[in-house]
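Fold and geometry: a report
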Amino acid sequence: MTTPTDIALYAARRDRLRRRLDILGHEALLVSQAANRYYLSGFELHDPQCNESAGYLCVAANGDDVLFTDARYRDAALRLWPEKDLCIYGAGRFAAITGFLKDRGIRRLGFEAAGLSFDTHARLAEHLPLTPVGQAVEPLRLYKDAGEIERMRRSAAINHAVMASLPDILVPGRTEGQAAWEIEKSFRDLGASELAFSPIVAVDANAALPHAIPGGTVIADGCLVLVDVGGRAFDYCSDQTRTVWVGDAPPERFTTMLARVQAAQAAALDRLGPGMGFREAYALAREVFAREGVAERFTHSLGHGIGLETHEGPSLNPSAEGVLEPGMVVTVEPGLYYPEWGGARWEHMALITDSGCETL
């Protein structure tokens, strides 16, 4: 249930965006990306599907903000938004949206360049001049406030509890797909509202695919299994990866690979902190692999931001611009991959603090 405190928090976030829009010279921004819409209003974290919107939020420089949605969401919207600032559209939604804004004095509308389809843009532009705006809300979401951090701690704790149950899930005779279903049930049983993304459970050579899809490969006594899973709890995502050996006496190639991956993660976590460049963070892990002569097997970034979405800024990759700052939460997930026989990844979430980082 949305409380007056929540409503005040969303309003404060819109005021921060308003100041940013003023600096950028925009009189209004139409927010279409679901996570951004929710961050600023508390309205509908998800759209029904990729080509269907639950609604739009317009943040105006003059403070006259408007929420747009259809009749399915009217009552939900009224729980957190004043009726005078709510526009319920029907079949002619684009004319309704632009007409409502024109009546409020909006003559040119900014839109999220990365979040509006070509078709929607064209239909809106028939009625009102549009201006692309890049990365207006996302920089605000980089920095988690105390309430967000607490929610992320609780979400991460659920994920850790799921990981602790893996010995009971990854049993010989069970397929990757069956194990993935047991993991999903575990998240739900522990309090997650949903998965943050489709679970990855990958046996042996399948683990060399960083985003493997669980299938019919059977877990055997004497195999490796990579598990990359996350849940959503209290609105915020978690994301963790472990790689384990099922059975006794893992072979040397597995133990060596896993030790290198864990050493690379430790090297990064030991030094992550405010002021460190994104690409410098990536280099901490890659240098460990380079010393071992396996850097070419590390094929992705060190990690990514996480919050309302599983993948959000910043990206810790070798070409990323920017520096870590307090309040950012990132994943640290180095990996090594051998298509012939398997791979390993080890992942935790890290909160950047004033003096370093804290593993959630």
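The rules behind these values
Residues numbered from 1 in each chain as written. Predicted model: local features only at pLDDT ≥ 70, side-chain atom pairs only at ≥ 80, totals over all residues. Heavy atoms only, no water. Helix = DSSP H or I, 4+ residues; strand = E, 2+ residues; numbered from the N terminus. Rg over C-alpha atoms; globule rule 2.2 N^0.38 Å. Buried < 20%, exposed > 50% of the residue type's maximum accessible area, 1.4 Å probe, protein only. Pairing = 2+ DSSP bridges. Axes fitted to C-alpha atoms, helices over the stretch in contact; angles between N-to-C directions. Contact = heavy atoms within 4.5 Å. Salt bridge = Lys/Arg side-chain N within 4 Å of Asp/Glu carboxyl O. Phe/Tyr/Trp six-rings, centres within 6.5 Å; stacked < 30°, edge-to-face > 60°. Core = buried A, V, L, I, M, F, W, Y, C linked by side-chain atoms within 4.5 Å.

1. Let's talk about the overall build of the protein chain
Broken down by element type, the protein chain carries 11 helices and 19 strands. Scaling as 2.2 N^0.38, a compact globule of 360 residues should have a C-alpha radius of gyration of about 21 Å, and the protein chain matches this with 23 Å. Here the C-alpha coordinates of the protein chain stretch approximately 70 × 40 × 35 Å along the principal axes. A total of 360 residues make up the protein chain; the buried ones form 51% of that total.

2. Some details on the sheet that holds strand β3 (residues 66–70)
Within the open sheet, the 6 strands sit side by side as β4-β3-β2-β1-β5-β6. Their pairing is mixed. Single-partner strands in this sheet number two, and they are β4 (86–89) and β6 (130–133). This sheet shows a mean twist of 25° between the axes of neighbouring strands, independent of strand direction. One ladder, built from 3 bridges, connects strand β2 (residues 56–60) with β3; its direction is antiparallel. Paired with Tyr 56 across the two strands is Phe 68, which belongs to β3. Packing against the sheet, helix α2 (residues 34–41) makes contact with β1 (28–31), β2 and β5 (109–112), and its axis sits at approximately 55° to β2. Together, β1, β2, β5 and β6 form the strand contacts of helix α5 (residues 118–125), whose direction differs from that of β6 by roughly 145°.

3. A short note on the pattern of salt bridges
In the structure shown here, the tally under the stated rule is 25 salt bridges. With its nearest N and O atoms 3.1 Å apart, the salt bridge here joins Arg 74 to Glu 83. The class for Arg 74 is partly exposed, based on a relative accessible area of 33%. Note that Glu 358 and Arg 153 form a salt bridge whose closest N and O atoms lie 2.3 Å from each other. Of the two residues, Glu 358 is situated in strand β19 (residues 357–359) and Arg 153 in helix α7 (residues 146–164); the sequence distance between them amounts to 205 residues.

4. Things to note about the packing of aromatic side chains
This model, assessed by the stated rule, comprises 8 aromatic pairs. When the centroid spacing of 6.0 Å and the interplanar angle of 80° are considered together, the rings of Phe 43 and Tyr 73 count as edge-to-face. Residue Phe 43 is located in the loop between α2 and β2, and its partner Tyr 73 is located in the loop between β3 and α3 (74–78); the two are separated by 30 residues in the primary sequence. Given a relative accessible area of 1%, Phe 43 falls into the buried group. Measuring from centroid to centroid gives 5.9 Å for Phe 68 and Phe 100, while their planes differ by 80°, and the two rings are edge-to-face. Here the residue Phe 68 occupies a position in strand β3, and Phe 100 occupies one in helix α4 (residues 93–103), the gap between them amounting to 32 residues.

5. Some remarks on the nonpolar core
Grouped together as the largest cluster of nonpolar side chains are 40 residues, with contacts concentrated most on Met 257, Leu 272, Phe 289, Leu 302, Leu 324 and Leu 336. Elements with a contribution of two residues or more to this core: β8 (200–203), β9 (223–229), α10 (252–271), α11 (278–291), β15 (329–332), β16 (335–338) and β18 (348–352). Beyond its immediate sequence surroundings of up to four residues, Met 257 is in contact with Leu 224, Leu 336, Tyr 338, Trp 341, Gly 343 and Ala 344.

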